[in-house]
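# Architecture and fold: a report
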Amino acid sequence: MGLTAAKIEPSAKQELVEGLTQALAETSVETMKAQNFHWNVTGMSFGPLHELFQKMYEDHFEGQDLLAERIKQFDMHAEGRYSVYLARSAVKEHDGHADAKEMIAALLADQEQISTTLSALCEIADQHGDWATNDLATARIEAHDKFAWMLRAHLK
Ligand SMILES: [Fe+2]
């Protein structure tokens, strides 16, 4: 049987918040990175890439909010510092100096990383009967997997 946020055990909450914070950190670093590339991309594909990268950072910005607000539903603290995000995130910042193909490859690797982090979160949520976190993490995997497909298609 599934549990609502208020009924989940404190130790399970701790584990769920850890996973949510990891996903939040990586999503947040990726939001800025996609916007950085939106600004600095160059070349003949400028137009469509400028737009695709915008779709990504807009999606990720919303995703950050949903992840953080699930943490708040457990009555726990939502981490909001970039310094902490950067320290724990497997997705790394970029200086924005790269050609379009390198930007696409970097974002593709990041999207796959975030989906991996989210699928670990799905498993934790599943173990604790937390369907709402599972549903959120699944929806975020769908979004990141879709962007991964779009990015990958450029490299073929
Ligand atoms: Fe813009």
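Residues numbered from 1 in each chain as written. Predicted model: local features only at pLDDT ≥ 70, side-chain atom pairs only at ≥ 80, totals over all residues. Heavy atoms only, no water.

### Topic: the side chain of His 60
- Assignment of secondary structure puts His 60 in helix α2 (residues 46–73).
- Residues within four places of His 60 in sequence aside, it is in contact with Thr 27, Glu 30, Thr 31, Gln 111, Arg 140, His 144 and Phe 147. (Helix = DSSP H or I, 4+ residues; strand = E, 2+ residues; numbered from the N terminus. Contact = heavy atoms within 4.5 Å.)

### With respect to the packing of aromatic side chains
- This structure, assessed with the given rule, holds two aromatic pairs.
- Ring geometry for Tyr 82 and Tyr 85: centres 5.8 Å apart, planes at 90 degrees, overall edge-to-face. Linking Tyr 82 with Tyr 85, this pair stays in helix α3 (residues 82–88), spanning three residues, or about one helical turn.
- By relative accessible area, which is 6% here, Tyr 85 ends up buried. (Phe/Tyr/Trp six-rings, centres within 6.5 Å; stacked < 30°, edge-to-face > 60°. Buried < 20%, exposed > 50% of the residue type's maximum accessible area, 1.4 Å probe, protein only.)

### Details of the UniProt feature "domain: Ferritin/DPS" (unreviewed entry) in the protein chain
- According to UniProt, the positions carrying the feature "domain: Ferritin/DPS" (unreviewed entry) are residues 19–156.
- Across residues 19–156, the secondary structure splits into 79% helix and 0% strand, with the terminal C-alpha atoms separated by 33 Å. (UniProt positions renumbered as here; feature names shortened; annotations may be inferred.)

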